[in-house]
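Structural features, examined
Take a look at the letters that make up each chain.
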Amino acid sequence: MQKKGNKYGVHRVIEPKGLLTQAAKKIDNTMECWSNEILCDVSALNIDSASFTQIYEACGKDLDKTEQMILDIVAERGKMQNPVTGSGGMFIGTVREIGEDLVGKIDLKVGDKIASLVSLSLTPLKINKIKAIHPEIDRVDVDAQAILFESGLYAKLPEDMSEELALAALDVAGAPAQTAKLVKPGDSVLILGGAGKGGMMCCYEAMKRVGPTGNVVALVICQEDADLLKSMNLCHHAIVGSATNPVEVLEKSLAVNDGKEYDVSILIVNVPACEMSAILPVRDNGTVYCFSMATDFAKAALGAEGCGKDVTMIIGNGYTKDHAAITLAELRENPQLKAYFEKKYL
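The structure reproduced in this document is the subject of the present report. (Residues numbered from 1 in each chain as written. Predicted model: local features only at pLDDT ≥ 70, side-chain atom pairs only at ≥ 80, totals over all residues. Heavy atoms only, no water.)

**A few points about the pattern of salt bridges**
Inspection of the entire model under this criterion finds 17 salt bridges. For Arg12, the salt bridge goes to Glu37, with nearest N and O atoms at 2.8 Å. Note that Arg12 is positioned in the segment before strand S1 (13–15) and Glu37 in strand S3 (residues 37–47), a separation of 25 residues in sequence. Accessibility assignment for this pair places Arg12 and Glu37 in one class, buried. Close ionic contact of Asp263 with Arg283 constitutes a salt bridge, the shortest N to O distance being 2.7 Å. (Salt bridge = Lys/Arg side-chain N within 4 Å of Asp/Glu carboxyl O. Helix = DSSP H or I, 4+ residues; strand = E, 2+ residues; numbered from the N terminus. Buried < 20%, exposed > 50% of the residue type's maximum accessible area, 1.4 Å probe, protein only.)

**A few points about the packing of aromatic side chains**
Scanning the entire structure with this criterion turns up four aromatic pairs. Ring centres of Tyr340 and Phe341 lie 6.3 Å apart, and the angle between their planes is 55°; this geometry places the pair in the tilted category. With a relative accessible area of 22%, Tyr340 lands in the partly exposed category. With a relative accessible area of 0%, Phe341 lands in the buried category. Counting every residue linked through ring pairs, the aromatic cluster contains Tyr340, Phe341 and Tyr345. Between the NZ or CZ atom of Lys197 and the centre of the ring of Tyr345, over which it lies, the distance is 5.4 Å. One cation-aromatic arrangement involves Lys344 over Tyr345; the distance from NZ or CZ to the ring centre is 5.9 Å. (Phe/Tyr/Trp six-rings, centres within 6.5 Å; stacked < 30°, edge-to-face > 60°. Lys NZ or Arg CZ within 6 Å of the ring centre and 35° of its normal.)

**Topic: the sheet that holds strand S11 (residues 237–240)**
Pairing between the strands of a sheet comes from backbone hydrogen bonds, and it takes one of two forms, parallel or antiparallel. If you walk across this open sheet you meet the six strands as S11-S10-S9-S12-S13-S14, and the pairing is parallel. Each edge of the sheet is formed by a strand with only one pairing partner; in this case those strands are S11 and strand S14 (312–315). Neighbour-to-neighbour, the strand axes of the sheet open up by a mean angle of 15°, direction not taken into account. Two elements, strand S12 (residues 262–267) and strand S13 (residues 282–290), share five bridges in a ladder whose sense is parallel. (Pairing = 2+ DSSP bridges. Axes fitted to C-alpha atoms, helices over the stretch in contact; angles between N-to-C directions.)

**A word on the pairing of strand S10 (residues 215–220)**
Here S10 lies mainly inside the structure; six of its six residues are buried. Neither face of S10 is left uncovered, since the one carrying Asn215, Val217 and Leu219 and the one carrying Val216, Ala218 and Val220 both have all their residues buried. Viewed along the sheet, the connection from strand S9 (residues 188–192) through helix H5 (residues 197–210) into S10 turns out right-handed. Viewed along the sheet, the connection from S10 through helix H6 (residues 223–231) into S11 turns out right-handed. (Right-handed = clockwise from strand over helix to strand, strands pointing away.)

**Quick word on the sheet that holds strand S6 (residues 125–134)**
Across the sheet, six strands lie side by side as S6-S7-S3-S4-S5-S8; this open sheet has antiparallel pairing. Two strands bound the open sheet, and with one partner strand each, they are S6 and strand S8 (154–156). Pairs of neighbouring strands in the sheet enclose a mean axial angle of 30°, with direction left out of account. Where S6 meets strand S7 (residues 139–149), eight bridges bridge the pair, whose relative direction is antiparallel. Looking at the pairing, Ile130 lines up with Val142 of S7. Each of S3, strand S4 (89–98), strand S5 (113–116), S7 and S8 is contacted by helix H3 (residues 163–170), which is oriented at about 120° to S4, the strand it contacts most. (Contact = heavy atoms within 4.5 Å.)

**Quick notes on the environment of Cys203**
With respect to the helices and strands, the residue Cys203 is situated in helix H5. Look at Cys203 and you get buried, because its relative accessible area is 0%. Each C-alpha atom of the pair Cys203 and Ile279 lies 18 Å from the other, and the pair is 76 residues apart in sequence. Apart from the residues lying within four places of it in its own chain, the contact partners of Cys203 are Ile191, Gly194, Val216, Ala218 and Leu234.

**Brief notes about helix H4 (residues 174–182)**
Each α-helix turn comprises 3.6 residues. Residues three or four places apart therefore point the same way. Most of H4 is tucked away, with eight of its nine residues classed as buried. Along H4, the positions that sit buried rather than exposed are Gly174, Ala175, Pro176, Ala177, Gln178, Thr179, Ala180 and Leu182. If you follow the buried residues of H4, they end up packed against H5, S12, S13, S14 and helix H10 (323–333).

**Some thoughts on the nonpolar core**
Among the nonpolar cores identified, the biggest contains 50 residues, and Leu170 and Ile191 are the most heavily contacted of them. No other element matches the eight residues that H5 contributes to this core. For Leu170, the contacting residues outside a window of four places in its chain are Met90, Ala115, Leu117, Ala155, Ala324 and Leu328. Within the second largest apolar cluster, 30 residues are counted, among which are Cys59, Leu108, Ile133 and Ala144. (Core = buried A, V, L, I, M, F, W, Y, C linked by side-chain atoms within 4.5 Å.)

**A short note on helix H2 (residues 63–77)**
Spanning 15 residues, H2 covers 21 Å between terminal C-alpha atoms, matching the ideal 21 Å at 1.5 Å per step. Along H2, the positions that sit buried rather than exposed are Thr66, Ile70, Ile73, Val74 and Arg77. Looking down the long axis of H2, one finds its buried residues gathered within 90° of arc, a one-sided arrangement. In H2, the exposed positions angled more than 90 degrees off the buried face are occupied by Asp64, Lys65, Ala75 and Glu76. Looking at the buried positions of H2, the neighbouring elements they touch are strand S2 (26–27), S3, helix H1 (49–58), S6 and S7. Capping the start of H2, Asp62 holds a side-chain oxygen 2.9 Å from the backbone nitrogen of Asp64, two or three residues further along. The first or second residue beyond H2 is Gly78, which carries a positive phi of 80°. (Expected span 1.5 Å × (residues − 1). Arc of directions from axis to C-beta. Polar contact = N/O pair within 3.5 Å; in protein donor to acceptor, adjacent residues only side chain to side chain.)

Shown next, in the form of structure tokens:
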């Protein structure tokens, strides 16, 4: 008989005791499947963009040093959790074993290919070997194993698209799905980081939701990205600037919204110090959605207070109901977006 663990994985916490696995400094990554766990063979990690960017730059963009840092983090913590950003990512893999308490109670069987929809920052992980690192897409090919808890979320990989494409999309599934909930017909929406993977999907979802009377504006870092988004009809306007410069962003974003403040802003960049660029352009009682894991929420709260902004700020919860289905549906609905993702992420 297998040992039974806590549904949230508390039995895996080594230190400090009493915390959940995401907050813990070290967890048990022994690859023994408890009765309410799922053991998976892992083929690839999609590391959170803010996390990968921080690691890669800290290593001087040296792939060997990047590999060693990733191995060191997992060896020390039992999970892939960047100690600077606190974030993780997700994995794709194959179900190797299902705990006896879950057999017949979940829609999985041994051999199913899945993507984890919970963060690597809380997932027991053991890397045997890193096979390749793809810095342009934040992906790490591995020979590894991971544990999903009873409470863990996952998605079966779809049969009508490649594993790599599904991984790229599901990595940011929470963002477009939350956009679908937040954006209403007629809204003006500012998306900071609009040319990134998640940004493009948020742009597409926002364009669907605002209808003919709304306005979707994307902030991008270069004119090439602006031209790309416009050519794909993913926004009404694309402005070029740095999200780390809030005064510039405010001026440029208001200029393409008839001088009016926005109903919603979505912060989906992979660098820090962008909080005020998302807050300043939004009207009182508007919504600021901080999906970026580089966000400093203390700075966001104090910054909004300091400039007298009565806005609702939402932490970028990577999960919302049906987020995997919504995100994969976007790629099926938009052949041009799917083709672009296939070219970039395969």
